[in-house]
Amino acid sequence: MKATCAPIFNFMSDSFLAVSLPRNLVIHSLRLGIFLRVLQVVTVVTAALYSVYSEILFEHHDVKEWGVGVKAVQAVATGVQAGPECEHPELYAYNGDAMLSHTPTSCKVLPTEEINYMHGSNLFVPTFVDEETVWDKCGANVKDSCKKHSSEAVYTEANGHCACTLNEQFLVQNADEQRIRFVYGY
């Protein structure tokens, strides 16, 4: 029995009860080997218990951004160039749903502050605008001023209330040519 267990005992004592140093120096010391393995086991158990106790492996960390912003970068003005969608905006009309229908009649360049904006953590880049502009004013020349502003404007008077309403639907000119710079940091 001793003869069959000797290789196993030698392997165990060489693996667990001996310290190997460079240049193949082996120190055969039962106490030193046991001390090394006990230190290793204590270190691993301590790290595991600390991780479980502090729940560091299960903790969700939210990364908070700072200095996040989106800025429209104005390209050098070389003249207004309308894309192919502005040549025939009627091709983009949709009347399939009573609640959602649109018939763009032209293309317009949006003011810089309306080119895009952040809504919470979402970036919105408009490509189509359905705009209603209402002027509330009564007077002798208001009706004429309303029609002069736009031939599509509608002037209404009812119960002493006057309004000039203009509904416009248009494509944003060169929306796909916008340059947007993302600034972020953590």
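As a reminder, the structure under discussion sits directly above these lines.
Residues numbered from 1 in each chain as written. Predicted model: local features only at pLDDT ≥ 70, side-chain atom pairs only at ≥ 80, totals over all residues. Heavy atoms only, no water.

**Let's talk about the overall build of the protein chain**
Part 1 of the argument: Across its full length, the protein chain carries four helices and 10 strands.
Part 2 of the argument: Counting helices and strands in the order they occur from the N terminus, the protein chain gives α-β-β-α-β-α-β-β-β-β-α-β-β-β.
Part 3 of the argument: Residues counted as buried form 19% of the 186 residues belonging to the protein chain.
Part 4 of the argument: The contacts in the protein chain between residues at least 6 apart in sequence include a share of 58% that link residues at least 24 apart.
Part 5 of the argument: With an accessible surface of roughly 15,200 Å², the protein chain has 59% of that area assigned to carbon and sulfur atoms. (Helix = DSSP H or I, 4+ residues; strand = E, 2+ residues; numbered from the N terminus. Buried < 20%, exposed > 50% of the residue type's maximum accessible area, 1.4 Å probe, protein only. Contact = heavy atoms within 4.5 Å. Areas by Shrake-Rupley, 256 points an atom, 1.4 Å probe, with all protein chains shown as cover.)

**A closer look at the state of the cysteines**
Working definition of a disulfide: a covalent bond connecting the sulfur atoms of two cysteines.
Part 1 of the argument: Applying the stated criterion across every chain, the model contains one disulfide.
Part 2 of the argument: One disulfide bridge connects Cys-146 with Cys-164, the sulfur atoms lying 1.8 Å from each other. An S-S torsion of about 80° defines the bridge between Cys-146 and Cys-164 as right-handed. Taken together, the residues span a long stretch of sequence, with Cys-146 in helix α4 (residues 142–149) and Cys-164 in strand β9 (residues 161–172) at a distance of 18 residues. (Disulfide = S-S within 2.5 Å.)

**A closer look at helix α2 (residues 30–54)**
Part 1 of the argument: Compared with the 36 Å implied by 1.5 Å per residue over 25 residues, the 36 Å span of α2 between its first and last C-alpha is a close match.
Part 2 of the argument: Looking one or two residues beyond α2, the residue adopting positive phi is Glu-55, at roughly 55°. (Expected span 1.5 Å × (residues − 1).)

**Remarks on a nonpolar patch on the surface**
Part 1 of the argument: A surface patch of nonpolar side chains, amounting to about 430 Å² of accessible area, comprises Ile-8, Phe-11, Met-12 and Phe-16.
Part 2 of the argument: Its place among the elements puts Ile-8 in helix α1 (residues 2–16). (Patch = residues over 30% accessible without salt bridge, like charges linked within 9 Å, V, L, I, M, F, W, Y side chains within 5 Å. Salt bridge = Lys/Arg side-chain N within 4 Å of Asp/Glu carboxyl O.)

**Regarding the pairing of strand β8 (residues 154–158)**
Part 1 of the argument: Pairing geometry for β8 and β9, over five bridges, is antiparallel. Bridging from a neighbouring strand, Val-154 pairs with Thr-165 of β9.
Part 2 of the argument: Adjacent in sequence and paired antiparallel, β8 and β9 are bridged by two residues, among which Asn-159 carries a positive phi angle near 50°. (Pairing = 2+ DSSP bridges.)

**Thoughts on the side chain of Glu-168**
Part 1 of the argument: Here Glu-168 lies in strand β9.
Part 2 of the argument: A polar contact of 2.4 Å, which involves the side chain of Glu-168, links it to the side chain of Lys-108. (Polar contact = N/O pair within 3.5 Å; in protein donor to acceptor, adjacent residues only side chain to side chain.)

**Some thoughts on the pattern of salt bridges**
Oppositely charged side chains can pair when the atoms bearing their charge come close.
Part 1 of the argument: What the rule picks out here adds up to one salt bridge.
Part 2 of the argument: Close ionic contact of Lys-108 with Glu-168 constitutes a salt bridge, the shortest N to O distance being 2.4 Å. Taken together, the positions of Lys-108 in strand β4 (residues 106–108) and Glu-168 in strand β9 put the pair 60 residues apart, joining distant regions of the chain.
Part 3 of the argument: Here Glu-168 falls in the buried class, since its relative accessible area comes to 19%.

**Details of the side chain of Ser-51**
Part 1 of the argument: Within the element layout of this structure, Ser-51 appears in helix α2.
Part 2 of the argument: Classification of Ser-51 by relative accessible area gives buried; the value is 17%.
Part 3 of the argument: Among residues more than four places away in sequence, those in contact with Ser-51 are Ile-56 and Leu-57.

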